[in-house]
Each structure stands twice: as C-alpha cells, then as structure tokens.
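Geometric and topological summary
Here's the letter readout for the chains.
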Amino acid sequence: MSDLIREAAVTRVNQLVDQINSLRRAYYEGNTVLISDAEYDALIKELEALENEYPDLVTGDSPTQTVGGSANVTFSPVQHLERMMSLDNVFSDEELLAWAERAQGEPLLCELKIDGLAVNLRYEQGVLVSAATRGDGVVGEDVTNNVLTIASIPRRLQGSGHPAVVEVRGEIFFGLEDFATLNASLVAEGKAPFANPRNSASGSLRQKDPAITASRPLRMLVHGVGAWVDAPVRNQSELYSLLAGWGLPTSSRVRTVSSVEEAVAYIHEFEAQRHTLEHEIDGVVIKVDSLAAQSELGATSRAPRWAIAYKYPPEQVNTKLLDIRIGIGRTGRATPYAVLEPVKVAGSVVEFATLHNQDVVKAKGVKIGDTVVLRKAGDVIPEILGPVVEKRDGSEREFVMPSKCPECGSPLAAASEGDVDLRCLNATGCRAQIRERVAYLGSRGALDIEALGYVAAVALTQPIEPKVPPLTSEAALFELTLEQLLPIRSYVLDADTGLPKLNEDGTPKVVDFFQKKDGTPAEVAHKLLKNLEDAKTRPLWRILVSLSIRHVGPVASRALAAHFGSLRGIFEADEPQLASVDGVGPILAKSILDWWSVDWHRDIVQRWQAAGVILEIPGHAGPGSADSQGGIFTGKSIVVTGTLKSFTREQAEEAIISRGGKAASSVSKNTAFIVAGESAGSKLEKAEALGIEVIDEQEFINRLQ
C-alpha cells in the first residue's frame, strides 16, 4: 500500500510542477493570468505539503524553490544586487492573526497591494543608472530607457548625502481612468485593447520603442528597497519618509499601526473603498515596521517572513452558461471552457471561463443553459462557482465530454493511469497540438522568436491555403523559406478564445498573412525568417526548453546544458548520469530518456541540426572530459556579480561552463572566486567576509585566455 501511495504522490508532484510552472510562464512572461490567485495558492500549498512528506521528490525545477518569471532575451539581462522576492498570502482575519504571532507585538505597517508590475531601480550617488523588471528574482529585464520616460520617477534624487548604491523597489501601474482612455484609443486605431490595467502596464513598459512607453501615462509607487549598505533608518515607515524626501513617489495611504487588530481595521476600510480608488488593488500588504525585526525574522526561499499579503475576496455575479466547448493544448490536454452570456464583473466584460477538466464540470454540477455564479477570482480570471438551481426551467442539458478530439477526430484518453485529464494522443497529426507547440517555441520562455506569436503559429500550421501547411511538425521550423510563406492565408482569430472570427454568413474570416495586397512580401515574412536565423544561436538551455520535454524547465535545462555541453551529450547519457546532475534527479532523467526514445522527437533534433541550429555550447569539453583536457575552471564554482562591460551575464556564465567550471548564483565557502563588475553589491561583501578571492573583469578575461 505504501508503494501505491508514493506512486500517487510522484504522479501528483509531476502534475503540480508542470501546471504551476506553466501558470508562472503565462503570468510573468505573457502578462496572462490563467487561474485565480486562490487556486494558484492552493496548488503551491499542495505541492509544498507533498514535498515536505517526500523530500526526495524536490527538484531544482520545482516552483517551491524559485521565484516565478525569467528575463526576456529581447531586453538585456540585469542582475539584481539583492534578490526580489514574492509574498506569501492570507485570505482571512484568522490567517492574518496566526501570521502576526511571529511579529510578537512589533508595530506593523499597512499599505495597499497595487496590481501592477514590480520594478527595481538602481541609483548610484543619487543618479538612476538602471531599471529592471523582477524576472526570476535574480535576473530581470533591462527597461531603463522606458522607465526614464515615466514622469514620476526621478533621474536624479533630490537632496544630498545619497548612498553609493541603493536599489529602490516599487510597482508600476496604470490608473483606471488612464487605462480606459488607452483602451478606447487602441480600439479607435483598430488595435486590440488590453485585458486589464496590469497587462497594460506590463505591455507599455516592455515596448522596444521608448516613445510608445512615453505616450502612456504610467505611474509608480515605491514599496521598499533592495541592496543598501548601512541604511540610516530603523524602520520601514522612516524609510518611506526618506525616499519621499528624495523625490521618489510614495503612497499617501501607508499607515503604521500598533496592533494586528488595527491592521484588520485598515484592511476592511480599504476593502470598502477599493472601487473608488484611482488604481486597482487586490489586497493589502502588512509588514513588520522594524528593519531589525525584519532581519531577525528572515525569509524562506521565496518570500520574506516579515511581510504578508492579505488578499480580498473576489466579486461574484450571475450569468447564463451558453455552451461548454473543448480546447486542445500542446501536450494534447483536452480542457473544457465555458461560453457565457457577456457580463461585467470586476470592471471588465467576461464571456469565457475555464472549467479545467470533465471532473470539475461534474463536481460543480453545472448544465448547459444554467444560470451560474461567476467569480472573477483575484480580479483577473473568471471562474464558475456553480449553478443557481432555483432558476432552472427544464431546458438545461448535461455536458458530455467528447470521446474524440474536436480538432483532429482522434480518440481522447488518459495518458496514464490515474490521470484525470483526457488527452488527444495524436501528437504528430493533431493540428491543435502542433499549433500550440509551435506557439510555445516562439514564446519568451523558449526561443523568444518575436515574429512567431500565436497568430503566426496558427497561420503556419492550419490547412487553409496551401492545403498542406508549411509546418506539419516543429521539425520543419528552421527550414521555412519565403516561397513557403507567401501563399499562406490565415484565420482572423478572436483575442479571447483563439478561435476564428466569423463573417455574417457564418464562414471564417480569412486574410493574407505574409504578403501585402500587391503580392509582395509583408514585413512580417522577412522578420520571421530573420528571427529564425537569430534563434539558431540561442543558448543550449533554451533549445532544450523548447523541445517541450515534460518536467524539463529553465532551471533543469541550465543545469543539463552546463554539465553536458550538448544535446548529444544529454541524450546519450544514461539515467543515473542524468539524475546525478544538480537539480535534475530521477524523475526528470526518466522523462528525458522517454522523450528521446520516440522517433519523431529525434527527427526534430536531427532536422534542426541540419538546418544550422547550434545544439552545443561552443568550446565545452563535455561531461567527464574537462579534467582530462585541462579545463582551466574544472571543478571550480565561480560567481559573476555586478555589471560587466564585455559580457552579458549569460555570456560570462557560458565562458565559465565551457571551461569546465560551474557558474553559481550565490556565494558560499565552496566558491573558488567571484568576478566583480561595476555596482557589485552584497555578493561582493559576502565574498570579502569569507575571504574568497575577488577578481575584476580584466583579470577574468586574462584567465579565459
């Protein structure tokens, strides 16, 4: 029996890691929220409980070990001097009281939790030198030029006596009126509006052209600091006063309280006012005010123990469930979703809601034609809670999960015993799966191919014109030619469902995608081919991520790439060799070998290589051979910190890895030396305290040569 229980735990851990990492990618890299905050938090707690019971199931790819998100290669990477963390959540007064016990009567600071985009501003001698998104908490995206266009953020701090280096953290957001005005202007221009203010803030800040960012009235409010040596303040509220004196934008609604009861009163005061505020909030953040107490309480791997986010309950409305349809994902998963009578909830009109799987539909007890209770959980994603049974009139009908894939007609079945999700197992012939995999390849989390968005993926994989599309498998992606692109016609897709829009006669709307009306190539055609050529030299770990191997995300891919140096080395390794790599383990090792055992998977790798995709780290000696070839960094753990002039962080790490070393992200007693660039912060201090060798960029170059 114990073996069966453990097997079930392994299966569930795999499902949770897959699901949570997918949700994180959607949120942090695609500005999209796929489930409610409450559902997400429940998944995290379930995973934590299982990992606590079975510690050997913890992998480096687990979301319990990392902060969500990653840096987009469109923007230069910026390493934060001090890690940017997430916040844990509570959802009731009782949970807040339980959290507050650890504060042991310390004064608390309360502030509104703005639903925006977290940024890190680095000031040196009072001058703004860089601005970056949170990214994965360690490395973010360089958005300095865009941030400089935001009027409320000073280029030079007011006053005098500024620290040599200080990181200021805050939230960039859109005011509600500004958001409505922006969307109206986008619609007037024939462009798609943003889904919500957070998406508009994120999308506006991540523009390649700073002039576009400058045209949009972004704002910022400061909510803390990162790296700052010997800060001359004793508590968070005093810190805010100092930052305000420097001309930084701070909230007028911050309040210090002497008890948790006063904090609860603050929470409910603003819950009643939340719809009268100039910006969206989804709760209140409560912090221990004393910085000394904050330091004593410390943090977990993801979040500080001295702060908590109190999340407000979502709004609810009633509407009609018109239909339940099925969507097919890149792994073949068949996901039911609700088609709703349009209804306004939490400030936006909702027409669709996810239903996850057939068991969820059954558990909720909803029928097609029901009046249902719709909750816009976390003020972002709509969720059906259940039916209003009293309003049934007998015309409602039960939902029946189809037995065949709605896109290719293949049978739907569970991929493995115990899997509640039905999947289309026709991985090579299902247009939906091919489309979703191609779209994933172009995403920020994989190869980050700008011109290969979802609409382009549809155009390349759907059989409109020509009848056989150029991509019947992702294997042919890097073989595309201009001649193949020009004849392609594409459906005009609905922004919410991804389904084709219809003409008045019910036929799908179709347009030329890669050519202009005069028959000449459109800019997107040349751009796609250029992007694909550039993508051939993406780092090895991104190539590995893009293969969609189950469980193998960025963390594991980096570790595998660093250890083996090539896809060939990875796929020729046996299970124990793969499992021995730091952050991999037996579950991922088996998944990698299972993937490679499939003929059409191997065809992808072979055709990519033939098309010129670089499937190795140039100069890497390979596993076990670095010692014999005398790799200069063999067996050494090396940390790069600060800003280098001749290397990006990724380039410096690749240089270390290719010479047998390990590019570590944190300083420890096992660190051989650190490479300190400009604005090196806490890692430099820790290295000096431990007596670890510190070299500058020029010495690093000398050693590389």
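The structure displayed is predicted, hence computed values, not measured ones.

Procedures and definitions
Residues numbered from 1 in each chain as written. Predicted model: local features only at pLDDT ≥ 70, side-chain atom pairs only at ≥ 80, totals over all residues. Heavy atoms only, no water. Helix = DSSP H or I, 4+ residues; strand = E, 2+ residues; numbered from the N terminus. Buried < 20%, exposed > 50% of the residue type's maximum accessible area, 1.4 Å probe, protein only. Contact = heavy atoms within 4.5 Å. Areas by Shrake-Rupley, 256 points an atom, 1.4 Å probe, with all protein chains shown as cover. Core = buried A, V, L, I, M, F, W, Y, C linked by side-chain atoms within 4.5 Å. Axes fitted to C-alpha atoms, helices over the stretch in contact; angles between N-to-C directions. Left-handed = near helix turned anticlockwise from the far one by under 90°. Nonpolar A, V, L, I, M, F, W, Y, C, P; charged D, E, K, R; others polar. Pairing = 2+ DSSP bridges. Phe/Tyr/Trp six-rings, centres within 6.5 Å; stacked < 30°, edge-to-face > 60°. Lys NZ or Arg CZ within 6 Å of the ring centre and 35° of its normal. Polar contact = N/O pair within 3.5 Å; in protein donor to acceptor, adjacent residues only side chain to side chain.

This brings us to the overall build of the protein chain. Within the protein chain, the regular secondary structure consists of 25 helices and 24 strands. Looking at the protein chain as a whole, 51% of its 705 residues qualify as buried. The contacts of the protein chain with a sequence gap of at least 6 include a subset with a gap of at least 24, amounting to 67%. Working note: accessible area of the protein chain is about 31,300 Å², and carbon and sulfur atoms make up 50% of it.

Attention now moves to the nonpolar core. With 60 residues, the main nonpolar core has Leu528, Leu547, Leu560, Leu567 and Phe571 as its most contacted residues. At the level of elements, α12 (431-442), α13 (454-461), α15 (523-535), α16 (540-546), α17 (554-564), α18 (567-572), α20 (585-596) and α21 (599-610) are the ones that each hand at least two residues to this core. Those residues in contact with Leu528, other than ones at most four positions away along the chain, are Ile449, Ala451, Leu452, Leu460, Leu480, Leu485 and Phe514. Val143, Leu157, Val166 and Val233 belong to the second-largest nonpolar core, a separate cluster that totals 32 residues.

A few words now on the packing of helix α3 (residues 93-100) against helix α9 (residues 260-273). Running from N to C, α3 and α9 point in directions that differ by 145 degrees, and their axes come no closer than 10 Å. Judged by the sense of rotation from one axis to the other, the crossing of α3 with α9 is right-handed. On the side of α3, the interface is formed by Asp93, Leu96, Leu97 and Ala100, while α9 contributes Val260, Glu261, Val264, Ile267 and His268. Among the residues forming the contact of α3 with α9, the class breakdown is six nonpolar, one polar and two charged.

Attention now moves to the sheet that holds strand β8 (residues 219-225). If you trace the four strands from one edge of the open sheet to the other, you get β5-β4-β7-β8, paired in antiparallel fashion. Looking at which strands have only one partner, the edges of the open sheet turn out to be β5 (127-133) and β8. This sheet shows a mean twist of 30 degrees between the axes of neighbouring strands, independent of strand direction. Strand contacts of helix α6 (residues 197-205): β4 (117-124) and β7 (165-173), with the helix running at about 40 degrees to β4, the strand carrying the most contacts.

This paragraph deals with the pairing of β7. Note on strand geometry: in a regular strand, side chains alternate between the two faces of the sheet. Among the nine residues in β7, eight count as buried, and that is most of the element. As judged from the six bridges shared by β7 and β8, these two strands associate in the antiparallel manner. Each bridged residue has a counterpart across the sheet, and for Arg169 the counterpart in β8 is Gly224.

Glancing now at the sheet that holds strand β10 (residues 281-288). With mixed pairing, the five strands of this open sheet are ordered in space as β2-β11-β10-β3-β9. Of all the strands in the sheet, the pair left with one neighbour each is β2 (89-90) and β9 (255-257). Pairing analysis gives seven bridges linking strand β3 (residues 108-114) to β10, with the strands arranged antiparallel. Across the sheet, residue Leu112 finds its bridge partner in β10, namely Val284. Along the sheet, α3 makes contact with β2, β3, β10 and β11 (307-311), crossing β11 at roughly 175 degrees.

It is worth spelling out the environment of Asn531 at this point. Note that Asn531 resides in helix α15. Expressed as a C-alpha distance, the spacing of Asn531 and Gly442, which sit 89 residues apart in the sequence, is 9.7 Å. Those residues in contact with Asn531 that lie beyond four places of it in its chain are Ile449, Glu450 and Ala451.

So, about unusual backbone geometry. Residues other than glycine seldom take positive phi values, yet Gln104 does so here, at roughly 50 degrees. Here Gln104 is to be found in the loop between α3 and β3. The phi angle at Asp448 is positive, at roughly 50 degrees, despite the residue not being glycine. Secondary-structure assignment places Asp448 in the loop between α12 and α13.

Time to look at the packing of aromatic side chains. For any two aromatic rings, the description comes down to two numbers: the centre-to-centre distance and the angle of the planes. One pass over the structure, following the stated rule, counts 11 aromatic pairs. A centroid spacing of 4.8 Å and a plane angle of 50 degrees characterise the contact between Tyr266 and Phe270, whose relative ring orientation is tilted. With Tyr266 and Phe270 both in helix α9 and four residues apart, this pair spans about one turn of that helix. A relative accessible area of 5% means that Phe270 is categorised as buried. Between Trp595 and Trp596, the aromatic rings sit 6.4 Å apart at their centres with planes inclined by 20 degrees, giving stacked as the arrangement. On the basis of relative accessible area, Trp595 is assigned to the buried category, the value being 7%. Residue classification places Trp596 among the partly exposed residues on the basis of a relative accessible area of 23%. One aromatic cluster is present, built from ring pairs that chain together Phe571, Trp595 and Trp596. Seen from the ring of Tyr440, Arg330 lies directly overhead, with NZ or CZ sitting 3.7 Å from the centre. For Arg703, the ring lying beneath its charged end belongs to Phe673, and the centroid distance is 4.9 Å.

So, on to the side chain of Thr319. Of note, Thr319 is situated in strand β12 (residues 315-328). Polar side-chain contacts of Thr319 include one of 2.7 Å to the backbone oxygen of Glu341. If sequence neighbours within four positions are ignored, Thr319 has contacts with Leu340, Glu341, Val343, Asp370, Thr371, Val372 and Leu374.

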